[in-house]
Each structure stands twice: as C-alpha cells, then as structure tokens.
Amino acid sequence: MSAELDELYQSIILDHNRRPRNFRVMDDASAHAEGKNPLCGDQLTIWLKLDGELISDVSFQGSGCAISKASASLMTAAIKGKSRGEAEQLFTKFHGVVTGTHPEDAEALGSLKALGGVSRFPLRVKCASLAWHAMHAALVQNDVAGSTAPVTTE
Ligand code: ZN
C-alpha cells in the first residue's frame, strides 16, 4: 500500500472515530445484539430496524479502541438501506479483506476498505469485525424470536 493511501485510510478511520455515524440508542429497533472483544476491551451494541428484507435503519453505541468504533460507524453507513442478504454479503467480503484471505475484494468495499490494513495486525482483526458479528447476531436473532444474547468475536 502506498504511503498516500495509508494516510487517506488513516484519516477516514480517525474521522469515524471522532465523529461516529449513527451513534445512538434506537428505541424502536426490530433487533439488537451486543458484541464484546475481551482481548482489547471493546464492547458495543448494534440496533437494527427491519422493514421486511430491508435494513431501514441501523445504529450503535459502545466504547472501545479507534478501530472498533470506526468499523462500527463505517458499517452502519454501509448497510443502511441495504437488504439483509446484501449486508451479509458485505460482511463476508469485509471479513475476507481484514483477515487477508481475500484482499482482492477490497475494491468492492467502498470506504470500508480503509480498514483493510488491519490484516497486517492479527489482534486488530477482532476489533474490526466486532460490529459485523453483532450485526449478524441481531439478524439471526430476529429470525428466531426477536430475543437477544451477547456475542463474542472468535
Ligand atoms: Zn479494539
């Protein structure tokens, strides 16, 4: 990665950490799930509002490192207005890029590719995927009974 790109990506992460998007509790959510990353101390809650297959609104709150917060913020911006299937597909691509198994998918990620650099730091991969695991858990739980249970990133 060129130094210029590195700088651009870092500024995206810093911006989303400083001014996280969709950072609020959602009172009328269809589903929510908590995510915890004990290794780093990150914890957050993701709220989803579902309109059939459509994710019509998404928000999060929590505390943690800059990577976990920026990733949650970027995720909410990326999946709002998408279908559940599209959100899950994006998670698969994002996961492949941050774990370094599918770096070629980075171009399909838009601003989310700013987090691609964490593939060089294995411990940071969990920080970057935490919000996504929680989003996935909220979607799955909505299928079951609308109930919630905490998740921990693997
Ligand atoms: Zn972290």
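In this text, all values refer to a predicted model and were calculated from it rather than measured experimentally. (Residues numbered from 1 in each chain as written. Predicted model: local features only at pLDDT ≥ 70, side-chain atom pairs only at ≥ 80, totals over all residues. Heavy atoms only, no water.)

The next thing to look at is the nonpolar core. Within the largest apolar cluster, 42 residues are counted, with the highest numbers of intra-cluster contacts made by Ile46, Leu48, Ile79, Trp132 and Met135. When contributions to this core are tallied by element, the ones reaching two or more residues are α1 (3-18), β1 (31-37), β2 (42-51), β3 (54-63), α2 (66-79), α3 (84-98) and α4 (122-144). In terms of residue count, α4 provides more of this core than any other element does, 11 residues in total. Dropping the residues within four chain positions of it, leucine 48 is found in contact with Met26, Ala29, Ser30, Ala31, Ile55, Asp57, Val58, Ile79, Met135, Ala138 and Leu139. (Core = buried A, V, L, I, M, F, W, Y, C linked by side-chain atoms within 4.5 Å. Buried < 20%, exposed > 50% of the residue type's maximum accessible area, 1.4 Å probe, protein only. Helix = DSSP H or I, 4+ residues; strand = E, 2+ residues; numbered from the N terminus. Contact = heavy atoms within 4.5 Å.)

With that settled, the discussion passes to the environment of glutamate 107. Along the chain, glutamate 107 turns up in the loop between α3 and α4. In this structure the C-alpha to C-alpha distance between glutamate 107 and lysine 93, which are 14 residues apart in sequence, comes to 9.9 Å.

To continue, consider the pattern of salt bridges. This structure, assessed with the given rule, holds 9 salt bridges. Between aspartate 15 and arginine 19 there is a salt bridge; the shortest N-O distance is 3.0 Å. For aspartate 15, a relative accessible area of 22% gives the class partly exposed. (Salt bridge = Lys/Arg side-chain N within 4 Å of Asp/Glu carboxyl O.)

Turning our attention to the coordination of the zinc ion. Around a metal, the ideal angle is 109.5 degrees if four donors adopt a tetrahedral arrangement and 90 or 180 degrees if six donors adopt an octahedral arrangement. The zinc ion binds to the protein through Cys40 (SG), Asp42 (OD), Asp42 (OD), Cys65 (SG) and Cys127 (SG), with metal-donor distances spanning 2.1 to 2.7 Å. Each donor residue of the zinc ion belongs to the same chain, and together they define the spacing C-x1-D-x22-C-x61-C. In this pair, cysteine 40 sits in the loop between β1 and β2 while cysteine 127 sits in helix α4, placing the two residues 87 residues apart along the sequence. On the basis of relative accessibility, which here comes to 1%, the residue cysteine 127 falls in the buried class. (Donors = N, O, S within 2.8 Å, 3.2 Å for Na, K, Ca; no water.)

Our focus in this paragraph is the side chain of serine 73. Mapped onto the elements of the fold, serine 73 is located in helix α2. A residue is classified by how much of its surface remains accessible, and serine 73, at 0% relative accessible area, is buried. Within the structure, serine 73 has its side chain in polar contact with the side chain of histidine 16 (distance 2.7 Å). Serine 73 has contacts with His16, Pro20, Arg21 and Phe60, leaving out every residue within four places of it along the chain. (Polar contact = N/O pair within 3.5 Å; in protein donor to acceptor, adjacent residues only side chain to side chain.)

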